[in-house]
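Structural characterization, general
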Amino acid sequence: PDARRIPVAYLRLFSTALAPRAPLFFLAGGPGQRAVSRDPESLEFWRPFLAVSDVVLIDQRGVADPALRWSWDGPPPMSYFVGADSGGRHEVEKVGRAAAAFRARGVDIAGYTTVENAADLDALREALQLPRVSLLAFSYGTHLAFAYLRGYGGHVENAVLIGNEGPDDTLKPPAHMD
């Protein structure tokens, strides 16, 4: 009860269909990519979808929170791309430093998980009074979609997942980035 509130931004674009299907929840990649945009060019992308259903663009938990901004203050070590071990050691150091910075700001990072993100999606579904939703997900968004399907699959009409990242597959080894 004493925890700070975590905002989750969303933008609902209303369908032009006479009998729209279940609203389409767009789950962006990253993790950390913003989905909400008011840029006319970005919004134009969604026009064909609006002929079928509403589109709900959702910023995942923490994406726009200034308390969660942190940047590595130097280049990766020269051995970063040599192999998974050298890259992994750097990632562990980087994550540890970021976590310490967040804790120093009073942020409990245990609340920023895929399971919590999935609960946010369902809370938004309930707040919008939607019996069912469809999912369109990309990259990390597919990881989130899998979690939502596991926990709340009865509320999903359709799901399209692009660039799938299954459970425990979100880490990107240096060899994949080379």
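You'll find the structure just up there.
Here is a short report on the structure shown in this document. (Residues numbered from 1 in each chain as written. Predicted model: local features only at pLDDT ≥ 70, side-chain atom pairs only at ≥ 80, totals over all residues. Heavy atoms only, no water.)

1. What about unusual backbone geometry?
Applied cut-off: By definition, any uninterrupted DSSP run of H or I lasting at least four residues is a helix, any uninterrupted run of E lasting at least two residues is a strand, and each is numbered from the N terminus. When a residue's accessible area, from a 1.4 Å probe over protein chains only, is under 20% of the maximum for its type it is buried; when over 50% it is exposed; and in between it is partly exposed.
We note that Q129 has phi near 55°; this positive angle belongs to a residue other than glycine. Relative to the helices and strands, Q129 resides in the loop between helix 4 (114-127) and strand 4 (133-138). Positive phi is not limited to glycine here, since S139 has a value of about 55°. Looking at the element boundaries, S139 is found in the loop between strand 4 and helix 5 (140-152). Its relative accessible area of 13% is what places S139 among the buried residues.

2. Some thoughts on a nonpolar patch on the surface
Spelled out, the test is: Each patch is built from salt-bridge-free residues with over 30% relative accessible area, joining like charges within 9 Å and nonpolar side chains (Val, Leu, Ile, Met, Phe, Trp, Tyr) within 5 Å. In short, Shrake-Rupley with a 1.4 Å probe defines the accessible areas, and a residue's cover is counted only from the protein chains shown. Salt bridges are defined as contacts in which a side-chain nitrogen from Lys or Arg sits within 4 Å of a carboxyl oxygen from Asp or Glu.
Residues F138, V160 and I162 make up a contiguous nonpolar surface patch of about 260 Å² in total accessible area. Mapped onto the secondary structure, V160 falls in strand 5 (residues 156-162).

3. Details of the environment of D65
Tracing the sequence through the fold places D65 in the loop between strand 3 (53-58) and helix 3 (84-104). When its relative accessible area of 12% is taken as the criterion, D65 is described as buried.

4. A look at the pattern of salt bridges
The final tally for this structure, using the stated rule, is 11 salt bridges. E44 is the partner of R47 in a salt bridge, and the nearest nitrogen-oxygen pair spans 2.7 Å. On the accessibility criterion, E44 (40% relative accessible area) is partly exposed. In this structure, R61 engages D120 in a salt bridge whose closest nitrogen and oxygen atoms are separated by 2.7 Å. With R61 in the loop between strand 3 and helix 3 and D120 in helix 4, the pair connects residues that are 59 residues apart, well separated along the chain. Exposure remark for R61: the relative accessible area of 16% places this residue in the buried category. A single salt-bridge network, built from bridges that share partners, covers R61, E116 and D120.

5. A closer look at helix 4
Rules: The length a helix should cover is 1.5 Å for every residue beyond the first. Any two residues whose heavy atoms approach within 4.5 Å at even a single point are treated as in contact.
When the terminal C-alpha atoms of helix 4 are compared, their 20 Å separation across 14 residues agrees well with the 20 Å that a helix rising 1.5 Å per residue should span. Buried residues along helix 4 sit against strand 1 (10-13), strand 2 (21-27), strand 3, strand 4 and helix 5. Remark: Q129 follows helix 4 within two positions and exhibits a positive phi of approximately 55°.

6. Notes on the pairing of strand 2
Which entries qualify depends on this criterion: For two strands to be treated as a pair, DSSP must find at least two bridges joining them.
Where burial is concerned, most of strand 2 is hidden: six out of the seven residues are buried. Pairing analysis gives five bridges linking strand 2 to strand 3, with the strands arranged parallel. The partner of L24 across the bridge, within strand 3, is V55. Where strand 2 meets strand 4, four bridges bridge the pair, whose relative direction is parallel. Looking across to strand 4, one finds that F25 is bridged to L135.

7. Examining the packing of aromatic side chains
Each aromatic ring pair is summarised here by two numbers: the centre-to-centre distance and the angle between the ring planes. Quick reminder of the rule: Think of it this way: a Phe, Tyr or Trp ring, Trp meaning its six-membered ring, pairs with another when their centres are within 6.5 Å, and the plane angle makes it stacked under 30 degrees, edge-to-face over 60, tilted otherwise.
Enumeration over the complete set of coordinates arrives at six aromatic pairs. With a centroid separation of 5.8 Å and 40° between ring planes, the pair formed by F45 and F49 is classed as tilted. Accessibility expressed as a relative area gives 29% for F49, which makes it partly exposed. Members of the aromatic cluster, connected to one another through ring pairs, are F26, F45, W46 and F49.

8. Notes on the nonpolar core
The condition that has to hold: In plain words, nonpolar cores are sets of buried Ala, Val, Leu, Ile, Met, Phe, Trp, Tyr and Cys residues tied together by side-chain atoms within 4.5 Å.
The biggest cluster of nonpolar side chains holds 18 residues, and the ones touching the most others in it are F25, L27, I58, L121, L135 and Y148. Going through the elements one at a time, strand 2, strand 3, helix 4, strand 4 and helix 5 are the ones with two or more residues in this core. Setting aside chain neighbours within four positions, we find L135 in contact with L24, F25, L27, A145, Y148, L149, V156, N158, A159 and V160. Counting 12 residues, the second largest nonpolar core, distinct from the first, contains L13, V55, L57 and L136.

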